[in-house]
Protein chains: 2
Amino acid sequence: MDTVILSDWLATRLDRGGAEPIYRQTLRLTQQAILTGQLPPGTKLPSSRTLAEDLGIARNTVLHVYDQLTAEGYVISTTGSGTYVADTRPDAAAVNGRNRPEAAAAGDAAAQPATHAPTHAATHTAVRPASDSASQPQRERNDLSTRGRRLIRQAGVSAKQWGAFMPGVPDVSEFPARTWSRLQARLWKEANPDLLTYAPGGGYRPLRRALSDYLRVARSVKCTPDQIIITTGIHQSIDLAVRLLTDVGDRAWVEEPCYWGARSVLQSSGITLAPVPVDGEGLNPRDEDLQEPPRLALVTPSHQYPLGMVMSLARRRTLLEYARQHDVWIIEDDYDSEFRYGSRPLASLQGLDEAGRVIYVGSLGKMLFPGLRIGYMIAPEHLVDIFRTGVAELYREGQLMQQAVMTDFIMDGHLTSHVRRMRALYGERRQILIDAITARFGSELPVMGDEAGLHLVLGLPDYSDDRAVVAAAYDAGVIVRPLTSYYNDPAQPRRGLLLGYACVPNDGIGPAFDTLARVIEQTALTSSRSPHASSRPCP
Amino acid sequence: MDTVILSDWLATRLDRGGAEPIYRQTLRLTQQAILTGQLPPGTKLPSSRTLAEDLGIARNTVLHVYDQLTAEGYVISTTGSGTYVADTRPDAAAVNGRNRPEAAAAGDAAAQPATHAPTHAATHTAVRPASDSASQPQRERNDLSTRGRRLIRQAGVSAKQWGAFMPGVPDVSEFPARTWSRLQARLWKEANPDLLTYAPGGGYRPLRRALSDYLRVARSVKCTPDQIIITTGIHQSIDLAVRLLTDVGDRAWVEEPCYWGARSVLQSSGITLAPVPVDGEGLNPRDEDLQEPPRLALVTPSHQYPLGMVMSLARRRTLLEYARQHDVWIIEDDYDSEFRYGSRPLASLQGLDEAGRVIYVGSLGKMLFPGLRIGYMIAPEHLVDIFRTGVAELYREGQLMQQAVMTDFIMDGHLTSHVRRMRALYGERRQILIDAITARFGSELPVMGDEAGLHLVLGLPDYSDDRAVVAAAYDAGVIVRPLTSYYNDPAQPRRGLLLGYACVPNDGIGPAFDTLARVIEQTALTSSRSPHASSRPCP
């Protein structure tokens, strides 16, 4: 490659009428000439005065460019003798991992920078120029790791987060945004600096106190404010427990079916999933499950996700006793427990635990708005300090201002009244949806898990392909989720659709369900027993 | 254990003048009697009328208690024949993991709940009563996992987050809270529901556009808005890259010394750390490092953390070429690069990368306030979709309202002007601190890494124990961090103190340094070469 004269190189390339300032263009083009080897190491640059005259630009501009090139190590300026292109070519021996004659002795940290004077250029071995390697066929790159590939392949997250019948999303348009904004403005007026720094481990103390009071009454948990750890939600709470309490390769019981997000969090921390079946009483371990106690069990006792059954008291007591005897950690995910229609909310598993084996996790997002990202966990008393240190060390949390707003929101009674109002509203929507289902399908398709939460499950015949229904519904403008995607074991999962009704206006439920029903009839009910499940990905 | 008559049990225990309502007391005490076996399975409860009369309380109260007991599965109510205590004792066979004769067949998900009629009680084997097991000596419990223990043992997070000389904390009292609050109030007035739900993978698009514009100019990165992924900060950005691109057991180069938080994040995801020395030109791999290419290299090229040197252009090019040839991922942590005093900021490594091996990570917390929790990463173009899916799947992010406020803050020019103002302010404070150091110690103690960032490193003699200095300083009211704690290899780390000057008012620097200087003189300089380093933990 020919050595270029800098003035010529720049003169043909500067775009004087362009949007990019001349300074930036000059700098960028000179860097490019050095990086590509067209201005090789040791080349003397013209004096700033000469270059400015050659290009017809201000000398100050050139001086700034040279300063920046010097600061970034592209050139070496020596008083009196001028400015030379530095040797910044990759060290070929280092790149290839061979022994280097000039290998630095270990432990010379904080030594002075070595200055590559132009005359040193010859001691470096040139590597293939960039253009050469770029022309070679792109090698097959092993981009993602095995766990990364699995995470992406199994990802359950949806591209859409709103609309009929997106499960698990509350009606955020009903959130009392004015009240929130007023409380927020009041706190920002003071802008207490203590609330702008990192959160101390565990979160804002008044919020922890308010939450422990709330959860003691609403969920029969037993805890002190100290046991509450504020997190950004269920995902982070599970992640923290997993990283503190499990090692890579440990086994975790998960319910079959279970929440896809928990599955992803567990697996990406190196946990092996052991799916355990559920029946009408909740988690129902088989003998082979019981004979190999897991390190961790992740359960949704108050409202199995996604099927909705409640874990019976006998099963709760058995699980707690099993955990006590075999040193199993239990993570109780108490999602959606505020929204029960008809029946009263059941007491938490945590409140029954005498052995300190239960870590209770919950979130405020479904009660208020999901973007809030405030969750909480209740750590066993003897682990409180460890969890507080862990959450600060791993996630470096902050958001104390928002936690303070949340505290005022709770203390002023807005949380309770909003939840009460939403429970009534979602109860209406649930009924409208059930009525629509019954009117269309009678008892042909069973409805499950409708006693609580923000969604129900509409069962489909075993021969149907729920993923195909979901894809067709998506194309028709209706979001539903296939029940099969919540199973870990692909063999014979139960077919069905998750329908969220909470975020759909009352008068939107009927029309959206009509659309969905047509899709179901065309996709799931007309076909005879299909030999192969569709492999079409769910949107 | 004797069977109790419910009326007697309650009559002696109800606290009629207490704060707890009679309903709650009656419910709690009855549950307790059932859980402890004092009301065994099959016991018939008195009729609600009888119990109400016996206790002298309202019949409605008793009816509510019975309803709740039924709902929670403590009792079985059969119309006509009365209310019986259900058998909810733990299943002994299940607890012990032995084969159970009544083991449920696999796959009976979503079956109807089994009702434990009172007459079934005899088929259950009684387990040891709780009181019995509680009296046994508490077994040694293997509470934390190996990785959990290491995380807590190595935790670098400080209990205090504010005050002289806390490193890495900006002056949050200078943050233009009024401006922020005004922008925030404007957005909350509209409260666009789209901004209250979960974030789509990658974050708020206008913020991504604003950040890509900002970073292109300020940091010479090459990226489109699509390549920007909004995270909650450096920790989450590193965590995401690690979970997508590495597997358990993979090796990662980290600089020696390095940031404790990154170390914790990497290790808790199963990564083996390979510390690589740094010298005056930044990362300086030894032959043994080069011969075993890692999966990942985590570097701080623009300002080595915590020592402050800049990675030379030659080293940058060598690292990039090595990464290209050996399929190494590079995470470039560009922290604090906005705050340089004197020299101009250097271009990012990402901008030099032609092979798509660099993941650039940064954060807005140090520029504005740490509690903000807005960070960003730039993904290589061919991995953008994967990173967007990964961030949504693993963390379920939200906070779009705050991201929208941030966008307005940037677009209205407040970010640039605030950073400019802070750079001048921190520059003054840096100079005051350096002057104080020089006045007290002359050239006896070297100052390192003072050209950029929010902290500098004050070197201490090799024979001194910097952890002991830190502990003594903490007791004297001054927060500093020991340089040794940033090293992975405990053999012969360099001794020193990290001093953050950004969050200390100008007139507070002198007095705080006087206090620290006395501690240094008493703890680090008077002692002759001490044979053992103190094992006192750093606060």
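Since we're looking at a predicted model, the values are computed, not measured.

1. Quick word on the pairing of strand β4 (residues 251-256) of chain B
All names here are of chain B.
Okay, step 1: Buried residues dominate β4, accounting for 5 of its 6 residues.
Okay, step 2: The pairing of β4 with strand β5 (residues 272-279) spans 6 bridges and is parallel. Considered in β5, the bridge of Val254 is made with Pro275.
Okay, step 3: With helix α11 (residues 260-268) bridging β4 and the parallel β5, this β-α-β connection has right-handed handedness.

2. Topic: the nonpolar core
Okay, step 1: Formed by 148 residues in total, the largest nonpolar core has its most connected members in Phe165 of chain A together with Phe165 of chain B.
Okay, step 2: The contacts of Phe165 of chain A, once residues within four sequence positions are left out, are Leu433, Val478, Ile479, Val480, Leu498, Leu499, Gly500, Val504, Ile509, Ala512, Phe513 and Leu516 of chain A.

3. With respect to the sheet that holds strand β13 (residues 481-482) of chain A
All names here are of chain A.
Okay, step 1: An order of β11-β12-β14-β13 is seen for the 4 strands of this open sheet, with the pairing classed as antiparallel. The two strands at the open ends of the sheet, each matched to only one other strand, are β11 (447-448) and β13.
Okay, step 2: As paired strands, β13 and strand β14 (residues 496-500) are joined by 2 bridges and run antiparallel to one another. Residue pairing for β14: Pro482 is matched across the bridge by Leu497.
Okay, step 3: Where helix α16 (residues 414-441) meets the sheet, it contacts β11, β12 (455-459) and β14, and its direction lies at approximately 10 degrees from that of β12.

4. Re the packing of aromatic side chains
The description of an aromatic ring pair uses the distance of the two centres, along with the angle that the planes make with each other.
Okay, step 1: Inspection of every chain in the model, using the stated rule, returns 32 aromatic pairs over all chains.
Okay, step 2: With 5.2 Å between their ring centres and 65 degrees between their planes, Phe339 of chain A and Tyr426 of chain A make a pair best called edge-to-face. Of this pair, Phe339 of chain A sits in the loop between β8 (329-333) and β9 (358-363) while Tyr426 of chain A sits in helix α16, and the two are 87 residues apart along the sequence. Across this residue pair, the class does not change: Phe339 of chain A and Tyr426 of chain A are buried.
Okay, step 3: Chaining the aromatic ring pairs together yields one cluster made of Phe175, Trp180, Phe369 and Phe409 of chain A together with Trp188 of chain B.
Okay, step 4: One residue, Arg396 of chain A, lies across the ring of Tyr198 of chain A, its end atom 3.7 Å from the ring centre.
Okay, step 5: Here the guanidinium or amino end of Arg357 of chain B rests over the ring plane of Trp329 of chain B, the centre of that ring lying 3.9 Å away.

5. A closer look at the interface of chain A and chain B
Okay, step 1: Of the residues lining the interface, 139 residues belong to chain A; the matching set on chain B comes to 137 residues.
Okay, step 2: Carbon and sulfur atoms make up 52% of the area that chain A and chain B hide from each other, which totals about 12400 Å².
Okay, step 3: Arg243 of chain A is paired through a salt bridge with Asp239 of chain B; the nearest N and O atoms lie 2.5 Å apart.
Okay, step 4: If you look at where chain A meets chain B, you find 53 residue pairs in polar contact (both at pLDDT 80 or more).
Okay, step 5: Tallying contributions element by element places helix α13 (residues 313-326) of chain A first for the side of chain A that touches chain B, with 9 residues.
Okay, step 6: In terms of residue class, the side of chain A that touches chain B is made up of 65 nonpolar, 40 polar and 34 charged.

6. Overview of the pattern of salt bridges
Side chains carrying opposite charge are able to pair once their charged atoms draw close together.
Okay, step 1: This structure, assessed with the given rule, holds 44 salt bridges over all chains.
Okay, step 2: Among the ionic pairs, Arg286 of chain B bridges to Asp289 of chain B, the shortest N-O distance being 3.0 Å.
Okay, step 3: Through salt bridges with shared partners, one network takes in Asp239 and Arg243 of chain A together with Asp239 and Arg243 of chain B.

7. Things to note about the relation of the copies chain A and chain B
Okay, step 1: Rotating chain A by 180 degrees and translating it 0.0 Å along the rotation axis places it on chain B, where the RMSD comes to 0.2 Å. The symmetry that links the two subunits is that of a two-fold axis. Taking C-alpha positions as reference, the residue of chain A nearest the rotation axis is Ser269 of chain A, located at 2.8 Å.
Okay, step 2: Most of the interface of chain A is mirrored in chain B: 99% of its interface residues are interface residues there too.

8. Focus on the confidence of the model for chain A
All names here are of chain A.
Okay, step 1: On average, chain A scores 86 in pLDDT, and the residues at 70 or more come to 87%.
Okay, step 2: No element of chain A has a lower mean pLDDT than helix α6 (residues 130-135), which averages 39, and none a higher one than strand β7 (residues 296-299), which averages 98.
Okay, step 3: In the model, residues 102-140 has pLDDT below 50 throughout and makes 50 contacts with residues more than four positions away in sequence or in other chains.
Okay, step 4: pLDDT under 50 marks residues 529-539. Its contacts with residues more than four places away, or in other chains, come to 16 contacts.
Okay, step 5: In the predicted assembly, ipTM is 0.86 and pTM is 0.86.

What counts, and at which threshold
- Residues numbered from 1 in each chain as written.
- Chains lettered and ligands numbered in written order.
- Predicted model: local features only at pLDDT ≥ 70, side-chain atom pairs only at ≥ 80, totals over all residues.
- Heavy atoms only, no water.
- Buried < 20%, exposed > 50% of the residue type's maximum accessible area, 1.4 Å probe, protein only.
- Helix = DSSP H or I, 4+ residues; strand = E, 2+ residues; numbered from the N terminus.
- Pairing = 2+ DSSP bridges.
- Right-handed = clockwise from strand over helix to strand, strands pointing away.
- Core = buried A, V, L, I, M, F, W, Y, C linked by side-chain atoms within 4.5 Å.
- Contact = heavy atoms within 4.5 Å.
- Axes fitted to C-alpha atoms, helices over the stretch in contact; angles between N-to-C directions.
- Phe/Tyr/Trp six-rings, centres within 6.5 Å; stacked < 30°, edge-to-face > 60°.
- Lys NZ or Arg CZ within 6 Å of the ring centre and 35° of its normal.
- Buried area = accessible area lost by both parts, 1.4 Å probe.
- Salt bridge = Lys/Arg side-chain N within 4 Å of Asp/Glu carboxyl O.
- Polar contact = N/O pair within 3.5 Å; in protein donor to acceptor, adjacent residues only side chain to side chain.
- Nonpolar A, V, L, I, M, F, W, Y, C, P; charged D, E, K, R; others polar.
- Least-squares fit on C-alpha atoms with pLDDT ≥ 70 in both.
- pLDDT = per-residue confidence, 0-100.

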